[in-house]
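# Working through the structure, step by step
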Amino acid sequence: MACVDSNAERIRQLQEGHIPIFEPGLEELVERNAGAGRLVFRDSLGDETARADAVFIAVGTPTRRDSQAADLSFVNQAARGIAERLDPKQGRTVIVTKSTVPVGTASSIEKLVVAARPELRPGRDFDVASNPEFLREGSAIEDFMQPARVICGTEGAHAERVLRELYAPLNVRGSPMMFTDRATAELIKLASNSFLAMKVSFINEIADLCEQCNADVQDLARGLGLDQRIGPRFLRAGPGFGGSCFPKDADALVAIAREHGVDAHLVETTIRVNDSRKHAMAERVRALMGGCVAGKRIAVLGVTFKPNTDDIREAPSLVIVPELIAMGALVAAYDPAASANARSVSAFQGVLWVESAEAAMREADAVVLLTEWDEFRSLSAQRMAELLRGPIVVDLRNALEPKDLQSAGLQYYGVGRGRVQPTPAHRPGRDRKPD
Ligand code: UGA
């Protein structure tokens, strides 16, 4: 298998065995397969394209600057490059879109190939198929090896046969394959992410309600999830969803719906609810600190959009941290994987980056947990109490154990875990000194 990217520096790093992203297990996997000669990296399309049974386009589809729609320029550029190299004499190639793309992209790629190479006939000399990916960052390998489903949008028996063969090892191990038309496959991807985003926003709203009713959202989510029609996953309340997929794909779905004159009220509202939630979380911290954070030191634990990644794209931290700083707070932040990258992010200007959770918490008036990294779950409540100057722990991921923290003399505030009582305006600081 040959992996091609136009970024020559990235390819050089990969050839040297350096993985430019943080993804558990990926380095070993690449090393093993590159070492065995099964995997090579190139900075331009080569002869392999003409001989390949399938070429996957997996480039980025960022949101366009001028609208909510996806920017297809990288996809089209890749498709043009592939078109130039197709050679039916060396075998029929299936061009497969793995990138998350708007509905109709497979058919527009087909037209693009024909425009570039009028002598080629789709469905005879080449095929275009859609095969959306459902990997989650942080568990991408597991999701790839044991996918809940493999969705393939094909037109014609040849593309179906090639993809069936390709995924046979996963299918044999129990992952179902579903074949559909290309537009449906493209839409399944956007609908999946939009639905999951909606589920997260739903539980976040219910968490707010739990706080007003003195109920517990975690028990509620368990109760809800026991209904198999609802399912237990993606019901963790938090500071709002982030990442490079949910926000972008929900936007893309809304853009496509608009284009087709269809209302996508639920997804539109999900986006709005999620955006305002991030701001509300900064306000929540302010309220819990007595209505004013000016001059107070706040320890922020975790800035990535979720654990086990160094990705901070669209992370709630990008809204919450700058707002706390704008309110006058002094923020000391630590993230197990992203502290280094985050230093150069303009939204984090003014943040003091430290090397450990303990360093962030030392002499802080409050601690705000933004990402549920395992190492934060295992923090000792007693040690936190020793380090902190103030008693306030705002756990926006419900990752910590309230009872332990309360027994250590700290004030615990989770999300949707009973009534949130803001603290009085002037609260005495901690009376013990850190050792
Ligand atoms: C998401 C989908 O889960 C994958 O199936 C899909 O392949 C991927 O997008 C993609 O389109 O490439 P990912 O963005 O890696 O994967 O992250 P998720 O685990 O889905 O989490 C997204 C956001 O929702 C995170 O900010 C996470 O903290 C938040 N979330 C998730 C919650 O707040 N509560 C939950 O219960 C679950």
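Whatever comes next refers back to the structure up there.
Here is a short report on the structure shown in this document. Small disclaimer: the values here were computed from a predicted structure and weren't measured.

On to the packing of helix H8 (residues 182-213) against helix H11 (residues 265-288), then. Running from N to C, H8 and H11 cross one another at 45°; their axes reach a closest spacing of 9 Å. Compared by their axis directions, H8 and H11 come out oblique. The hand of the H8/H11 crossing is left-handed. Note on element contacts: H11 touches H8 through Leu266, Val267, Thr270, Val273, Asn274, Arg277 and Arg284, opposite Ser194, Ala197, Met198, Ser201, Asn204, Glu205, Asp208 and Glu211. By residue class, the composition of the contact of H8 with H11 is five nonpolar, five polar and five charged.

Moving on, we get to helix H10 (residues 246-259). Taking 1.5 Å per residue as the helical rise, H10 with its 14 residues ought to reach 20 Å, and the 20 Å between its terminal C-alpha atoms agrees with that figure. Of all 14 residues that make up H10, 12 are buried, and the element is covered over most of its length. Taken residue by residue, H10 has Phe246, Pro247, Lys248, Asp249, Ala250, Asp251, Ala252, Leu253, Val254, Ala255, Ile256 and Ala257 as its buried positions. Contacts from the buried residues of H10 go to H8 and H11. The first or second residue beyond H10 is Gly261, which carries a positive phi of 70°.

Here we take up the sheet that holds strand S10 (residues 352-353). Picture the strands of a sheet paired through backbone hydrogen bonds; they go either parallel or antiparallel. Pairing is parallel across the open sheet formed by six strands, whose spatial order is S10-S9-S8-S11-S12-S13. On the outer flanks of this sheet lie S10 and strand S13 (411-413), each paired with one strand and no other. Set on the sheet, H11 makes contact with strand S8 (297-301), strand S11 (366-369), strand S12 (392-395) and S13; between it and S12 the angle comes to about 160°.

This paragraph deals with the pattern of salt bridges. Counted by the stated rule, this structure contains 29 salt bridges. Its salt-bridge partner being Glu110, residue Arg182 comes within 2.8 Å of it at the nearest N-O pair. Pair noted here: Arg182 is in helix H8 and Glu110 is in helix H5 (residues 105-116), with a separation of 72 residues, a long-range link. You'll find Arg182 and Glu110 in the same group, each marked buried. One network of salt bridges, with partners in common, ties together Asp208, Glu211, Arg277 and Arg284.

Thresholds, definitions, all that
Residues numbered from 1 in each chain as written. Predicted model: local features only at pLDDT ≥ 70, side-chain atom pairs only at ≥ 80, totals over all residues. Heavy atoms only, no water. Axes fitted to C-alpha atoms, helices over the stretch in contact; angles between N-to-C directions. Helix = DSSP H or I, 4+ residues; strand = E, 2+ residues; numbered from the N terminus. Parallel < 35°, antiparallel > 145°, perpendicular 65-115°, else oblique. Left-handed = near helix turned anticlockwise from the far one by under 90°. Contact = heavy atoms within 4.5 Å. Nonpolar A, V, L, I, M, F, W, Y, C, P; charged D, E, K, R; others polar. Expected span 1.5 Å × (residues − 1). Buried < 20%, exposed > 50% of the residue type's maximum accessible area, 1.4 Å probe, protein only. Pairing = 2+ DSSP bridges. Salt bridge = Lys/Arg side-chain N within 4 Å of Asp/Glu carboxyl O.

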